[in-house]
Amino acid sequence: MSNAIVCLCCGQDKPSYDFRPGHQICTLCDTLSAAEATIMARATFSAQHKFMTATKDGRRQARIAAKLVSYETTGKRCTACHCPKPPSAYNKCAPAPDGLQPICRGCNELRVASIKNGGLTAWRTIRAALRASSPEGR
Ligand SMILES: [Zn+2]
Ligand SMILES: [Zn+2]
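What you see is a predicted model; the values in this text were computed from it and never measured.

## Details of the overall build of the protein
Turning to step 1, where the next piece is worked out: Scanning the protein from terminus to terminus reveals four helices and four strands.
Turning to step 2, where the next piece is worked out: Its helices and strands in sequence order give the protein the pattern β-β-α-α-α-β-β-α, from N to C terminus.
Turning to step 3, where the next piece is worked out: By the compact-globule yardstick of 14 Å for 138 residues, the protein is too spread out, its C-alpha radius of gyration being 24 Å.
Turning to step 4, where the next piece is worked out: The dimensions of the protein, computed from C-alpha atoms along their principal axes, are 70 × 30 × 25 Å.
Turning to step 5, where the next piece is worked out: For the protein, the proportion of its 138 residues judged to be buried stands at 12%.
Turning to step 6, where the next piece is worked out: Here the analysis covers contacts within the protein between residues at least 6 apart in sequence; of these, 28% occur between residues at least 24 apart.

In structure tokens:
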């Protein structure tokens, strides 16, 4: 089983002797013309994509990936300071719809520290000041 290799072209599990050394394309696919091989590889890729998005987890992964791409350009809005920030500014949070915490790492640290020192009221005061200096101004 450990000797089985997935052919990059046809996407099938094949024994290692069906591959020339260092090749990730099986000997059968090696005989295809470049155009035929491209068509075959595309079909394999879309079948894998369909399989991915056919499962609940696959759809979730695809949705998260799409969100992260949009966050890279527009940023994700922090629910505490109301500033758009890149995904790298957020801690991971697996149950969240986008896999990230709703508030940015900076706010999270401020929140923990202020609640520890002055309770929820202290955090609310800090949060209001952060929001006032955000692009939204509130
Ligand atoms: Zn193949
Ligand atoms: Zn924030």
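Structure's up, so let's keep going.
## Some remarks on helix H4 (residues 105-132)
Turning to step 1, where the next piece is worked out: Helix length check: H4 (28 residues) gives 19 Å between terminal C-alpha atoms against 40 Å at 1.5 Å per residue, more than 12% under.
Turning to step 2, where the next piece is worked out: At glycine 118, H4 is deflected by roughly 130°, the largest bend along its length.

## Structural notes on the domain arrangement of the protein
Turning to step 1, where the next piece is worked out: When its domains are assigned, the protein resolves into domain 1 (4-54) and domain 2 (75-132).
Turning to step 2, where the next piece is worked out: Taking only C-alpha atoms into account, the centre of domain 1 sits 46 Å from that of domain 2.

## Considering unusual backbone geometry
Turning to step 1, where the next piece is worked out: With phi around 60°, histidine 82 is a residue other than glycine that occupies positive phi space.
Turning to step 2, where the next piece is worked out: You can see histidine 82 is positioned in the loop between strand E3 (76-77) and strand E4 (84-85).

## Quick notes on helix H3 (residues 56-74)
Turning to step 1, where the next piece is worked out: With 19 residues, H3 should reach 27 Å at 1.5 Å per residue; the first-to-last C-alpha distance of 27 Å fits that figure.
Turning to step 2, where the next piece is worked out: The positive-phi residue at the C-terminal boundary of H3 is glycine 75, with phi of around 80°.

## Quick notes on the nonpolar core
Turning to step 1, where the next piece is worked out: In this structure, Cys78, Ala80, Cys81, Tyr90, Leu100, Ile103, Cys104 and Cys107 together form the largest nonpolar core, which totals eight residues.
Turning to step 2, where the next piece is worked out: In contact with leucine 100, not counting residues within four places along its chain, are Lys76, Pro87, Tyr90, Lys92 and Cys93.

## Quick look at the environment of methionine 40
Turning to step 1, where the next piece is worked out: Of note, methionine 40 is situated in helix H2 (residues 34-54).
Turning to step 2, where the next piece is worked out: Spatially, the C-alpha atoms of methionine 40 and cysteine 29 are 8.7 Å apart, while their sequence positions differ by 11 residues.
Turning to step 3, where the next piece is worked out: Among all residues touching methionine 40, those that are not within four sequence positions of it are Cys9, Cys10, Cys29 and Leu32.

Procedures and definitions
- Residues numbered from 1 in each chain as written.
- Chains lettered and ligands numbered in written order.
- Predicted model: local features only at pLDDT ≥ 70, side-chain atom pairs only at ≥ 80, totals over all residues.
- Helix = DSSP H or I, 4+ residues; strand = E, 2+ residues; numbered from the N terminus.
- Rg over C-alpha atoms; globule rule 2.2 N^0.38 Å.
- Buried ≥ 20, exposed ≤ 12 C-beta atoms within 10 Å, placed from the backbone.
- Contact = placed C-beta atoms within 7 Å.
- Expected span 1.5 Å × (residues − 1).
- Bend = angle between axes of the 7 residues up to and from the residue.
- Domains from an automatic or database assignment.
- Core = buried A, V, L, I, M, F, W, Y, C linked by C-beta atoms within 7 Å.

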